[in-house]
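Chain by chain, the residues run as shown.
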Amino acid sequence: MRHLILLLSATVLCAADPVGHWRFGLGSVDGQPARIGTIVLTGQQVVAATTAPLRLVCHEAPGITTILAPGSTGRFLVEGQADARTLVLELESGVAQLDITDRAPYAAVRVRGAALDVRVTGTLFVVERTRRDADYIALVRGKVVVGLRPEVAKALGKAGEIELLERQGMAADTANGLGSPSEMSTRPQVTAMAPLSEQASGQGTDWDIDLGAELTGALLENNGLGDVPGPADELAGGTPFSEVAEELVDSMAELGAPPESSGDTASEIAGGSTSGAPPLLPGPPSPP
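If you're wondering where the values come from, they're calculated on a predicted model, not measured in any experiment.

*Asks:* With reference to specific residues and values, describe the overall build of the protein chain.
*Replies:* What the protein chain contains, in helices and strands, is eight helices and 16 strands. The proportion of buried residues among the 288 residues of the protein chain is 48%. Of all intrachain contacts in the protein chain linking residues separated by at least 6 positions in sequence, the fraction that spans at least 24 positions is 50%. Within the structure as shown, the protein chain displays about 13,400 Å² of accessible surface, and the carbon and sulfur contribution to it stands at 54%.

Quick look at the structure:
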């Protein structure tokens, strides 16, 4: 009985480990409203509000940044122990962009969708859960090794992995497994309404544009406005970046919620697509 109690205690402690530092955007954590400064724990469900993307910086590894598109949902897990720990993002819906410049102290980073199991080194890529049973990954730079979730691979009797090259995209689903990599002609953005596959084939942007970083204040931080502070400083709301980010989020909300990714309106805006991709953020008002 004593050993069982110790095991249960260890499990609870592990589930409560800080994993993310909320740096920009509105949304919720396990159903509770969250804002800049919120600490995300392992296993908690993170939901981005429909009015703006959110950006999380990994609590232990500041070199890992995740941006969730408006309306997207996911949760972070930590698997393994000691020096062999793996940070895992379970993408439940929508689109996520990961920028990984330094994964230490984690030995590996993985992203899992409906079918995909993506193993990451140092890279920037975007993953979309296009349907309940399908995904699409777009590699902007770096390297990723793409396989199937173990349970999907076992059910299909398919094993093996594919290494994506820069500016390649690939689809996967639970019925057919991995698709074939294809060259992307434009850069898919985490904030756009069109599905990643359509952005990759000409509806995206130039490769040096990162709308997710621009719209979540990452460029302000990179330029030295409000170095990433500790949780206590953020919760106090006293840093320059916190103030700027809060104002930017509020101004996005004032512009009005973007259209839902369903029905005729979204179909027209997205060029006929009704795949359920997250909505495009409203732009600023035109100058007088």
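*Asks:* Could you give an account of empty space enclosed by the protein, naming the residues involved and the relevant values?
*Replies:* Counting across every chain of the model gives one cavity of 30 Å³ or more. In this structure, the largest cavity encloses a volume near 40 Å³. Considering the residues around the largest cavity, the lining is formed by Val-19, Gly-20, Leu-56, Val-57, Cys-58, Ile-64, Thr-66, Phe-76 and Leu-87. If you list the elements that add at least two residues to the lining of the largest cavity, you get strand E1 (18–24), strand E6 (54–58) and strand E7 (64–68). Element by element, the count of residues in the lining of the largest cavity is highest for E6, at three residues. Of the residues contributing to the lining of the largest cavity, the split by class is seven nonpolar, two polar and no charged.

*Asks:* Break down the pattern of salt bridges for me, with residues and values.
*Replies:* A complete count under the given rule lists twelve salt bridges for this structure. The closest approach of N and O atoms between Glu-90 and Arg-112, which form a salt bridge, is 3.6 Å. Residue Glu-90 is found in strand E9 (residues 86–100), and its partner Arg-112 is found in strand E10 (residues 108–112); the two are separated by 22 residues along the sequence. One exposure class covers both Glu-90 and Arg-112, and it is buried. Note that Glu-151 is salt-bridged to Arg-149, the shortest N-O span being 2.8 Å. Among the residues examined, Arg-149 registers a relative accessible area of 13% and is labelled buried. Residues joined in a network through salt bridges with shared partners are Glu-79, Glu-90, Arg-110, Arg-112, Asp-117, Arg-149 and Glu-151.

*Asks:* Explain the side chain of Thr-66 to me, using residue names and the numbers behind them.
*Replies:* With respect to the helices and strands, Thr-66 occurs in strand E7. Not counting residues within four places of it along the chain, the set of residues in contact with Thr-66 comprises Leu-54, Arg-55, Leu-56, Phe-76, Leu-89, Gln-97 and Leu-98.

*Asks:* Provide a residue-level description of helix H3 (residues 196–203), including the pertinent values.
*Replies:* Listing the buried residues of H3 in full gives Leu-196, Gln-199 and Ala-200. An end-on view of H3 places all buried positions within 100° of arc, on one side of the element.

*Asks:* Talk me through the nonpolar core; I want residue IDs and the actual numbers.
*Replies:* Ranked by size, the top nonpolar core spans 40 residues in total, and within it Leu-87, Val-118, Phe-125, Ile-137 and Val-144 carry the most contacts. Every residue in contact with Val-144, bar those within four places of it in the chain, is listed here: Val-118, Arg-119, Val-120, Thr-123, Phe-125, Ile-137, Leu-139, Ile-162, Glu-163 and Leu-164. If you look at the next biggest cluster of nonpolar residues, it comprises 13 residues, including Val-95, Val-140, Ala-200 and Trp-207.

*Asks:* Please set out the environment of Ala-96 residue by residue, giving values where relevant.
*Replies:* Counting through the fold element by element, Ala-96 comes out in strand E9. Given a relative accessible area of 1%, Ala-96 falls into the buried group. The sequence separation of Ala-96 and Val-127 amounts to 31 residues, and the corresponding C-alpha distance is 5.4 Å. For Ala-96, the residues in contact, after removing those within four places along its chain, are Ile-67, Leu-68, Leu-89, Leu-91, Phe-125, Val-126, Val-127 and Val-190.

*Asks:* An account of the pairing of strand E14 (residues 168–173) is requested, with residue identities and associated values reported.
*Replies:* Within E14, five of the six residues are buried, leaving the element largely enclosed by the surrounding structure. Looking at chain direction, strand E12 (residues 134–148) and E14 are connected through six bridges and run antiparallel. Note on E14: the bridge partner recorded for Asp-135 is Ala-172. Bridge count for E14 against strand E16 (residues 182–183) is two bridges, and the pairing is antiparallel. Residue pairing for E16: Gly-169 is matched across the bridge by Ser-182. The pairing of E14 with strand E15 (residues 177–178) spans two bridges and is antiparallel. Bridging from a neighbouring strand, Ala-172 pairs with Leu-178 of E15. Taking the residues that link successive antiparallel strands as the turn, the E14-E15 hairpin has three residues.

What counts and what doesn't
- Residues numbered from 1 in each chain as written.
- Predicted model: local features only at pLDDT ≥ 70, side-chain atom pairs only at ≥ 80, totals over all residues.
- Heavy atoms only, no water.
- Helix = DSSP H or I, 4+ residues; strand = E, 2+ residues; numbered from the N terminus.
- Buried < 20%, exposed > 50% of the residue type's maximum accessible area, 1.4 Å probe, protein only.
- Contact = heavy atoms within 4.5 Å.
- Areas by Shrake-Rupley, 256 points an atom, 1.4 Å probe, with all protein chains shown as cover.
- 1 Å grid on protein atoms, 1.4 Å probe; cavity = no way out; pocket = protein on both sides within 12 Å on 5 of 7 lines; lining within 4 Å.
- Points joined across faces, edges and corners; volume = space filled by probe spheres on them.
- Nonpolar A, V, L, I, M, F, W, Y, C, P; charged D, E, K, R; others polar.
- Salt bridge = Lys/Arg side-chain N within 4 Å of Asp/Glu carboxyl O.
- Arc of directions from axis to C-beta.
- Core = buried A, V, L, I, M, F, W, Y, C linked by side-chain atoms within 4.5 Å.
- Pairing = 2+ DSSP bridges.

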